[in-house]
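Read off the chains here:
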Amino acid sequence: MKTQNPAVYVVEDSPIIRKLLIELIEGSGARVVGTADTAKAAIADIAALHPDAVTIDIRLKAGTGFDVLEAIAINEGDPPLRIVLTNYTTDPYRAAAKGLDAEYFFDKATQVREMLLVLASLGDTQRAVAA
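So, how was this worked out
- Residue numbering note: each chain is counted from 1, following its sequence as written.
- Confidence filtering applies because this is a predicted model: local features only for residues at pLDDT of at least 70, side-chain atom pairs given and counted only at 80 or more, and all residues used for totals across whole chains, interfaces and linings.
- Only hydrogens and water are set aside when side-chain values are computed; all heavy atoms of the structure are taken into account.
- A strand pair is defined by DSSP finding two or more bridges across the two strands.
- Helical segments are the DSSP runs of H or I of at least four residues, strand segments are the runs of E of at least two, and each set is numbered from the N terminus.
- Working convention: axes come from line fits to C-alpha atoms, limited for helices to the stretch in contact. Angles between N-to-C directions cover 0 to 180 degrees.
- We call two residues in contact whenever any of their non-hydrogen atoms come within 4.5 Å of each other.
- We define a salt bridge as a contact between a side-chain nitrogen of Lys or Arg and a carboxyl oxygen of Asp or Glu at a distance within 4 Å.
- Exposed residues in this analysis have more than 50% of their type's maximum accessible area, buried residues have under 20%, and partly exposed residues fall in between, with area computed by a 1.4 Å probe over protein chains only.

Draft legend 1. Molecular detail of the sheet that holds strand S5 (residues 104–107). Spatial ordering of the open sheet is given by S2-S1-S3-S4-S5, a layout of five strands whose pairing is parallel. Of all the strands in the sheet, just strand S2 (31–36) and S5 have a single pairing partner and so form its edges. Averaged over neighbouring strand pairs, the angle between their axes works out to 20 degrees when direction is ignored. Sitting on the sheet, helix H3 (residues 65–74) is in contact with strand S1 (7–11), strand S3 (53–56) and strand S4 (81–86), with an inclination near 155 degrees to S3.

Here is the structure:
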């Protein structure tokens, strides 16, 4: 049975960082199914696209990553894996993200590799389930 690579949605306000993340995520074997730089656009797209995982920055052009996490938490169904990838890594931000059910919280400046490993393991899990 053929399996697909994990579908990832990227929520990031910086066009440069967003482009880099897309290249890294797709280079690691996952596929980016959409992006947004505002909370409102991300919430609508995630509800419509049902990605396997979402990478979420805290600071956005409008709204915050916390708004996105909250919307995912109250949505019915099987939520995507929620990965916060941000430069705002102090304990209050980390606690707030965990309180909104973020499974992972990474420092954008130093832990992108770890985020990519999480996505790779998600693909491994999907392949194991499909086999």
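Draft legend 2. Representation of the pattern of salt bridges. Tallied over the entire structure, the rule returns five salt bridges. Across the salt bridge formed by lysine 61 and aspartate 37, the nearest N and O atoms sit 3.4 Å from each other. On the criterion of sequence distance, the pair formed by lysine 61 in the loop between S3 and H3 and aspartate 37 in the loop between S2 and helix H2 (39–49) is long-range, its members being 24 residues apart. Owing to a relative accessible area of 57%, lysine 61 belongs among the exposed residues under this scheme. The salt bridge involving glutamate 103 is made with arginine 82; its shortest N-O contact spans 2.7 Å. Taken as a pair, glutamate 103 in the loop between helix H4 (91–99) and S5 and arginine 82 in strand S4 lie far apart in primary sequence, 21 residues in all. When salt bridges with common partners are traced through the structure, they connect Glu12, Asp57 and Lys108 into a single cluster.

Draft legend 3. Up close: the environment of threonine 55. Assignment of secondary structure puts threonine 55 in strand S3. In contact with threonine 55, not counting residues within four places along its chain, are Val8, Tyr9, Val10, Val11, Ile25, Ile83 and Met115.

That is the geometry; function is a separate question.
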